[in-house]
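Remarks on the overall topology
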Amino acid sequence: MFITFEGIEGSGKSTQIKLLQSSLKQEGHSVEILREPGTTQLGEKIRDVFLEKTNEKVDPMTEAFLLYASRKHLDQNFLQEHLKNKSIVIADRYSDATVAYQCFGKGLSEDFVQYI
């Protein structure tokens, strides 16, 4: 099972994720948590790019490609493995965040994001 939590910074995603993880573990489930971008070494480096203070402008399309690269790598190196092992995987953000931030927030085409 794959569960995602979406929301703006400070909205309580991490708190809710910890509460759900604790409850599911008490019921005997194997639970893994990921954050996106992040979790893998490559994903954490991509996350750092987004958090770095810089004067450079980053086009929303560039952001989308970086996020997709992180997501694809995460899928191959974390998510699929844990889902195959019947773990419940809880994500602190995933693809809905890209639609919210890059499409609705920055004007990137939803069709483009769905395509990649």
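A brief look at the structure comes next. (Residues numbered from 1 in each chain as written. Predicted model: local features only at pLDDT ≥ 70, side-chain atom pairs only at ≥ 80, totals over all residues. Heavy atoms only, no water.)

Moving on, we come to the overall build of the protein chain. Along its length, the protein chain carries 5 helices and 3 strands. Starting at the N terminus and walking to the C terminus, you meet the elements of the protein chain as β-α-β-α-α-β-α-α. Over its C-alpha atoms, taken along the principal directions, the protein chain stretches across nearly 45 × 30 × 25 Å. Every one of the 116 residues in the protein chain was classed for burial, and the buried ones make up 34%. Taking contacts inside the protein chain between residues at least 6 apart in sequence as the whole, the part at least 24 apart equals 70%. (Helix = DSSP H or I, 4+ residues; strand = E, 2+ residues; numbered from the N terminus. Buried < 20%, exposed > 50% of the residue type's maximum accessible area, 1.4 Å probe, protein only. Contact = heavy atoms within 4.5 Å.)

Here the focus is the environment of G105. Mapped onto the elements, G105 comes out in helix α4 (residues 95-105). Each C-alpha atom of the pair G105 and P60 lies 9.4 Å from the other, and the pair is 45 residues apart in sequence.

Mapped onto the secondary structure, K45 falls in helix α2 (residues 41-51). For K45, a relative accessible area of 58% puts it in the exposed group. Along the primary structure K45 and S70 are separated by 25 residues, whereas in three dimensions their C-alpha atoms are 9.1 Å apart.

Moving on, we come to helix α1 (residues 13-26). When the terminal C-alpha atoms of α1 are compared, their 20 Å separation across 14 residues agrees well with the 20 Å that a helix rising 1.5 Å per residue should span. When α1 is considered as a whole, its buried residues turn out to be K13, I17, Q21 and L24. Buried residues of α1, seen end-on, are gathered within an arc of 70° and therefore sit on one face of the element. Of the exposed residues in α1, those oriented more than 90 degrees away from the buried face are K18, L19 and Q26. At its buried positions, α1 is contacted by β1 (2-5), β2 (31-35) and β3 (88-92). Positioned one or two residues after α1, G28 has a phi angle of 95°, which is positive. (Expected span 1.5 Å × (residues − 1). Arc of directions from axis to C-beta.)

Our next topic: the environment of H82. Looking at the secondary structure, you find H82 in helix α3 (residues 60-84). A residue is classified by how much of its surface remains accessible, and H82, at 14% relative accessible area, is buried. For H82, the residues in contact, after removing those within four places along its chain, are E32, S87 and V89.

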